[in-house]
Amino acid sequence: MEYSIVKLETWSLFFYLINEFKETEDGRKNRLQAFFPSASASLVSQYALHQAIEFGNLLYMVQIVVEVEKDSC
């Protein structure tokens, strides 16, 4: 499990981000959570966008592997 605490330039809390990747008997379990304080709901961070893109890329790669596995059966 990895976690990040992201703060603004004023050092006030922006959000918490937690990545969890766990191996299971059937493959892998992935979980990405972002916790935003209510005061920052209208703010958009480059870091949050980056994490969202990376998570989307992971899902895309998993989809390709699943499709290849289906075709090989």
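Residue positions within a chain follow its written sequence, with the count starting from 1. Given that this is a predicted model, residues contribute local features only at a pLDDT of at least 70 and side-chain atom pairs are listed and counted only at 80 or more, while totals for whole chains, interfaces and linings are drawn from all residues. Each side-chain value is derived from all of the structure's non-hydrogen atoms; neither hydrogens nor water enter the calculation.

K.L.:
Is there a simple way to explain the overall build of the chain in this structure?
P.N.:
Tallying secondary structure elements over the chain gives one helix and three strands in all. Comment: elements are numbered from the N terminus, with helices defined as DSSP H or I runs of at least four residues and strands as E runs of at least two. Taken from N to C terminus, the helices and strands of the chain fall in the order β-β-β-α. The rule is simple: take the accessible area with a 1.4 Å probe, protein chains only, and divide by the maximum for that residue type; under 20% is buried, over 50% is exposed, in between is partly exposed. In the chain, which comprises 73 residues, the proportion classed as buried is 12%. Residue contacts follow a heavy-atom distance rule, with two residues in contact if any of their heavy atoms lie within 4.5 Å. Taking as baseline every contact in the chain between residues at least 6 positions apart, the subset at least 24 positions apart corresponds to 25%. Residue-level accessible areas treat just the shown protein chains as cover; the underlying method is Shrake-Rupley with a 1.4 Å probe. By element, 57% of the accessible surface of the chain is carried by carbon and sulfur atoms, the whole surface being about 6,200 Å².

K.L.:
Even after reading the chapter, I still don't get the confidence of the model for the chain, so can you show me in this structure?
P.N.:
Looking at the chain, the pLDDT average stands at 76 and 81% of residues meet or exceed 70. The quantity called pLDDT is the predictor's confidence in a given residue, expressed from 0 to 100. When the elements of the chain are averaged for pLDDT, strand E1 (residues 2–7) gives the smallest value, 72, and helix H1 (residues 46–72) the largest, 82.

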